[in-house]
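# Fold and geometry: a report
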Amino acid sequence: MHAELQLDNQVCFRLYSAARLMTQAYTPFLNELGITYPQYLVLMVLWEKDSQPVNDIAHRLLLETNTVTPLLQRMEKQGIVSRRKGEHDKRQQIVSLTEKGRELEQKAFDIIPAGMGKRLAPCPLSMDDYLQLAGELDNIIDTLK
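This text gives an overview of the structure that appears in the document. Note that the coordinates shown come from a computational prediction; the quantities given were computed from them, not determined experimentally.

### Quick look at the environment of leucine 46
Structurally, leucine 46 is set in helix α2 (residues 37–48). Note on leucine 46: relative accessible area 1%, which makes it buried. Taking the C-alpha atoms as reference, leucine 46 lies 8.3 Å from valine 95; in sequence the two are 49 residues apart. In contact with leucine 46, not counting residues within four places along its chain, are Ser51, Gln52, Ile57, Val81, Val95 and Leu97.

This is the structure in structure tokens:
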């Protein structure tokens, strides 16, 4: 057996496992809000800057527009976002938060940071360690984009 092919020697497996388990840890908090993790990601993008083209949202999330569009359609049916044609380019779809979508920001703030903080509390990483880890992950992401 080649050491390079052993599961325990794979960074990709650790990243996959960490991502899957992190998403799973968010699930109970997101269930309280009535949204999924991908919807939460879209909301965070719109909470930072409302009224964005679908292409910009997809780009920010490192996803294709054909992945984001059905997600936005479900969010629109839930009354979280609205979509309209662009003013200058009618082919462009502009996504905006509804009142319900804006209200979810405060609800998420009240639930998620503290809840995830408690969930991750047993982990011995300091805030500086988390920021360093985030930077290392950003390097990996930038390399693979």
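Alright, that's what it looks like, and here's the rest.
### With respect to the layout of surface pockets
Put simply, the largest pocket is a space of about 1,700 Å³. Along its surface, the largest pocket is lined by 38 residues, and Ala19, Met22, Tyr37, Leu137 and Ile141 are the ones closest to its centre. Looking at the lining of the largest pocket, the elements with two or more residues in it are α1 (11–33), α2, α5 (99–120) and α6 (127–144). Estimates place the volume of the second largest pocket at around 150 Å³. Every residue lining the second largest pocket is listed: Tyr26, Tyr40, Met44, Trp47, Glu105, Ala108, Phe109, Ile112, Pro113, Met116 and Leu120. For the lining of the second largest pocket, the elements supplying multiple residues, two or more each, are α2 and α5. Tallying contributions element by element places α5 first for the lining of the second largest pocket, with seven residues.

Thresholds applied
- Residues numbered from 1 in each chain as written.
- Predicted model: local features only at pLDDT ≥ 70, side-chain atom pairs only at ≥ 80, totals over all residues.
- Heavy atoms only, no water.
- Helix = DSSP H or I, 4+ residues; strand = E, 2+ residues; numbered from the N terminus.
- Buried < 20%, exposed > 50% of the residue type's maximum accessible area, 1.4 Å probe, protein only.
- Contact = heavy atoms within 4.5 Å.
- 1 Å grid on protein atoms, 1.4 Å probe; cavity = no way out; pocket = protein on both sides within 12 Å on 5 of 7 lines; lining within 4 Å.
- Points joined across faces, edges and corners; volume = space filled by probe spheres on them.

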